[in-house]
Structures are given as structure tokens and as C-alpha cells.
Amino acid sequence: LIHSQIHTIYFDVFYDEFSDTELLTLLFQNTKISSLQFDFDFRFFKRLLQNITQVLNPSQVSSRKHIQSLCISMDYDPNTAKSNLKFSSVLSSICLIPFQSISLSISDITDTEALSLAQYLPKTNLTKLNLFHSTLSSSSTSPLFHSLKSSKVNHLDLTRVQLCDQGLQLLAQNLVQIPLQVLDLRSNSITSAGIQTLAEILPDTNITKLVLACNPIGDSGVQILAGCLTKTKIKTIDLTTTGIHLEGATSLASILPKTRIENLYLSNNQIKKPGMEAICGALIKMKINHLILVRLSVWEVLEALPLMSVRKLTLVETGLSLLQIPMLSKGICSS
């Protein structure tokens, strides 16, 4: 590594591999590594953070300016944590790490840990926060969302945190003052009522990527989104498995050319051929980076190809046979 051009290194830590600081010192002092990623058991978190802060003590930070980002991912077990380490002490350790950008992905936390997180967030350099599959109630989400306004977090992943429409309303009350660019809300039982609340403030945010996958927003939710998307900065929107039918697809198609959208995800919806034709008609006037088509026959794809202006096309569950690949390739070349 000392003689390489590698800038990112990833560690999968299942044992106490960082019991001393020698390896970390070598990484920080003698390589061009600018990004470190750790995925490990919560039991080893305290030792790792202690060693990172020891190697990167404030008086020596200037000699290691090439270290810019740290990505930490771990499975959190409250039962194990209580007997080994308080969550608050983990967060206080993160506050001492002098990186420009820190990403924390931690699953299965509860209200107790979320309240601690709300207290420490403004003191950290966290720029990405992922709370996948955590059980959070309004008693913890309200102070957590409020604390985000004083943080550096620009990427927030709330996948499967049981947010629902009520939780989304609490988030929306603070969202304009949070410097978010990416918001992931997949699998939170959000309906069109929640989308209505979100749509009212989206134009006043800096969000460029919005993930609503696996929420039952339906055609009515998509129609509400269509009413505000032209006023937003959103470039990527994920509407996978959101219950979209023909009505929602045509509403979306009518405003697509007026938006900034470059990446569109519509997998696993009941759009069918008429809805797909409406979407493809809108794509003629746009430059879409990535389009995913799901459960269309080869013939429907071939019919749609001349109408498309996309850089990357993903076909899922088309029933494509080996004999049809040359035909599809020819259609792609001619389009």
C-alpha cells in the first residue's frame, strides 16, 4: 500500500484485529489512503475508536491531511452493548475523530440510543447516517430530527424504521433546515397522506436523491409528487414497488420533461404497456442516465426502444431467451 495509488481500503473486522495502533499508524502516515471503511462487531468498536483517536491526536493531524473520510458500519445488539459499552461513549469517541467526513451505519437501535444520537450529532463530523431497521417512536425521532438541523449530515437513510405518515410529518417539520442531499425512506408504510406532507416542503430543500421504494403511495401519491417535482432539485427518484398503475404513470410522464430527473426507478409496478408508452414518450425530450424496465415482454421492449433516450437500460423479468438476444441487440443498435 505504501507504494500504491489505492485511495480506499475496506476492513471486515470480526475479531479484535486492531488491538494495537501499529497497522493504523502505517495506514495513516505512509500511504495515500484517503478513505477508510470498517464493518465490524459492536464489541470491538471501543478499541478501534480509541486506537484511531490515539493515532490521530490533534497535534499530529496536520501531517495526515490525506485522510478525509471514515465509514463505519456495524450490527448493534443492545443486550451485548449494555454489558460492554454504553452507546453514548461510542458517540463521544466519534466526536474526537478529526476526519472531514464520517459515515455511520448502525442497525437495530431503539429510542434510548436514538436520544443519545440526538445529543451528540451536532458535535460530530457525521455526513452520512444510516439507521436501517431500527425501532423508533415519536419520542426519539422528534429530538433526533431537530438535532439534524445543527449537524453536517447530508445523507440520511431511514430504511425500515417504522416511520409511517406520522413520523414523516415530524421529519418534514425540520427538513427545510437540514442540509440533506440524499433522503432514503424505503419500506416505512408511507401512504399518499405522508407524500402530501413531504411534497409541501420538497421545493424548499436541497434534496437531489429521494428514495420512496416499497411504500404504498399508489397513483394518488405519485400524482401529488408530480405536482411538486418540477420545482425541486431532485435528479434521482426511486419509486420501486410503490403501487403505480396507468393513472400514476401518465401523471408522472406529463411532468418528467420539466424536471431535473436523470435517474428513474420504476421497478415492480403495474404500469403495463400504455403507461410505459407514456413514460417513453416523455423520455424523448430528456436525457435519462438509467432506466429500469420490469416484466415487459421482449416485443414491448422493442416497441419502446425507438422512443427512448437513455444511457443505461436495465431489463428485469422479461423472459428473454437466448434466441431473442440478437433481435434485442439489433433493436438497441438501430435505436
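Look up: the structure comes first, before these words.
We now turn to the structure provided with this report.

Definitions and cut-offs
Residues numbered from 1 in each chain as written. Predicted model: local features only at pLDDT ≥ 70, side-chain atom pairs only at ≥ 80, totals over all residues. Heavy atoms only, no water. Phe/Tyr/Trp six-rings, centres within 6.5 Å; stacked < 30°, edge-to-face > 60°. Lys NZ or Arg CZ within 6 Å of the ring centre and 35° of its normal. Patch = residues over 30% accessible without salt bridge, like charges linked within 9 Å, V, L, I, M, F, W, Y side chains within 5 Å. Areas by Shrake-Rupley, 256 points an atom, 1.4 Å probe, with all protein chains shown as cover. Salt bridge = Lys/Arg side-chain N within 4 Å of Asp/Glu carboxyl O. Helix = DSSP H or I, 4+ residues; strand = E, 2+ residues; numbered from the N terminus. Buried < 20%, exposed > 50% of the residue type's maximum accessible area, 1.4 Å probe, protein only. Axes fitted to C-alpha atoms, helices over the stretch in contact; angles between N-to-C directions. Parallel < 35°, antiparallel > 145°, perpendicular 65-115°, else oblique. Contact = heavy atoms within 4.5 Å. Nonpolar A, V, L, I, M, F, W, Y, C, P; charged D, E, K, R; others polar.

## Thoughts on the packing of aromatic side chains
Tallied over the entire structure, the rule returns 0 aromatic pairs. Taking NZ or CZ as reference, Lys-123 lies 5.1 Å from the ring centre of Tyr-120, over its face.

## Here's the deal with a nonpolar patch on the surface
A surface patch of nonpolar side chains, about 290 Å² in accessible area, is lined by Leu-320, Leu-322 and Ile-325. Here Leu-320 lies in the loop between β12 (310-316) and α13 (325-334). Owing to a relative accessible area of 35%, Leu-320 belongs among the partly exposed residues under this scheme.

## A look at the packing of helix α8 (residues 192-201) against helix α9 (residues 218-226)
Following both chains from N to C, one finds α8 and α9 inclined at 5°, their axes separated by 8 Å at the closest point. In terms of orientation, α8 and α9 fall into the roughly parallel class. For the pair α8 and α9, the contacting residues are Ser-192, Ile-195, Gln-196 and Ala-199 in the first and Ser-220, Gly-221, Ile-224 and Leu-225 in the second. Class assignment for the residues of the contact of α8 with α9 results in 4 nonpolar, 4 polar and no charged.

## Some words on unusual backbone geometry
We note that Gln-162 has phi near 60°; this positive angle belongs to a residue other than glycine. With respect to the secondary-structure elements, Gln-162 resides in the loop between β6 (155-157) and α7 (164-175). Not every positive phi belongs to a glycine, and Ser-187 is a case in point at roughly 60°. Tracing the backbone shows Ser-187 in the loop between β7 (182-184) and α8. Under the relative-accessibility criterion, Ser-187 is labelled partly exposed at 21%.

## Some remarks on the pattern of salt bridges
Scanning the entire structure with this criterion turns up 1 salt bridge. In this structure, Arg-186 engages Asp-184 in a salt bridge whose closest nitrogen and oxygen atoms are separated by 2.9 Å. Using a relative accessible area of 7% as the deciding quantity, one classes Asp-184 as buried.

This is a description of form; function is not addressed.
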